[in-house]
Amino acid sequence: MSSRLPVIEHTSRPWRIHTIAPDYRVEDVWSLPTPGGADDFPRLVEQFTAGPGNPIVRALLAIRLRLGAPLGLNPPAAGARAPWRGEPIPGDLRGRPGPDFGPFACLYRTDTEWAAHATTSGVDAIAHLGWVADGSGAYRGRWATLVKPHGLLGRAYMAGIAPIRHQVVYPLMIRSIARGWRPARSADLSGSTG
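How each quantity is defined
- Residues numbered from 1 in each chain as written.
- Predicted model: local features only at pLDDT ≥ 70, side-chain atom pairs only at ≥ 80, totals over all residues.
- Heavy atoms only, no water.
- Pairing = 2+ DSSP bridges.
- Helix = DSSP H or I, 4+ residues; strand = E, 2+ residues; numbered from the N terminus.
- Contact = heavy atoms within 4.5 Å.
- Axes fitted to C-alpha atoms, helices over the stretch in contact; angles between N-to-C directions.
- Salt bridge = Lys/Arg side-chain N within 4 Å of Asp/Glu carboxyl O.
- Buried < 20%, exposed > 50% of the residue type's maximum accessible area, 1.4 Å probe, protein only.

A. Local environment of the sheet that holds strand E3 (residues 105–109). Sheet architecture is open: six strands sit in the order E1-E2-E6-E5-E4-E3, paired in antiparallel fashion. Each edge of the open sheet is held by one strand with a lone partner, namely strand E1 (3–4) and E3. For E1 and strand E2 (residues 25–31), the ladder comprises two bridges, and the chain directions are antiparallel. Each bridged residue has a counterpart across the sheet, and for Ser3 the counterpart in E2 is Ser31. Together, E3, strand E4 (113–119), strand E5 (123–133) and strand E6 (139–149) form the strand contacts of helix H3 (residues 41–49), whose direction differs from that of E5 by roughly 145°.

Put into structure tokens, the structure is as follows:
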């Protein structure tokens, strides 16, 4: 299904995000159960940005927002763009917008890469999707989280939520992606043979 990957699986690839966010730390890299063809990446971005389909994930996110509000740890509301505080977005990427992801505002989308960021008083974070050839002629999604904590509060926050992210939130989100991916891919394949 999916698995957590070593950080080098993200840092060794020529992603555009490396030049835009050179001072962000790669927190997590996950392989997504999304086999597809070279042109299937837009479908992955659309499915990912539709939001968490799992009710447990939605409940945990609601709790996290409620607890984060008094500490100023919540990002701006969806639709309110947080200021980008990294390197300038190159001109060839500025005209390539993609969908936002809840409070994460899209930085850019290419044929193989999508990145969005959220900013709080504790941390700047980037959600990054990539589309990677798997060596068998197929492609699969990769999901990376990049962070830049602000001071002790930001580092404590990231350490505090790590077990919940790794053991509950991300695995449930990835399972939800897998459930949504298989039927859509099967429909695509059956539609092309009929």
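B. Molecular detail of the pattern of salt bridges. With the rule as written, the count across this model stands at eight salt bridges. For Arg4, the salt bridge goes to Asp28, with nearest N and O atoms at 3.0 Å. Separated by 24 residues along the polypeptide, Arg4 in strand E1 and Asp28 in strand E2 bring together distant segments of the chain. Note that Asp134 is salt-bridged to Arg140, the shortest N-O span being 3.6 Å. We classify Asp134 as partly exposed; its relative accessible area is 33%. Judged by relative accessible area, Arg140 falls into the partly exposed class, the value being 32%.

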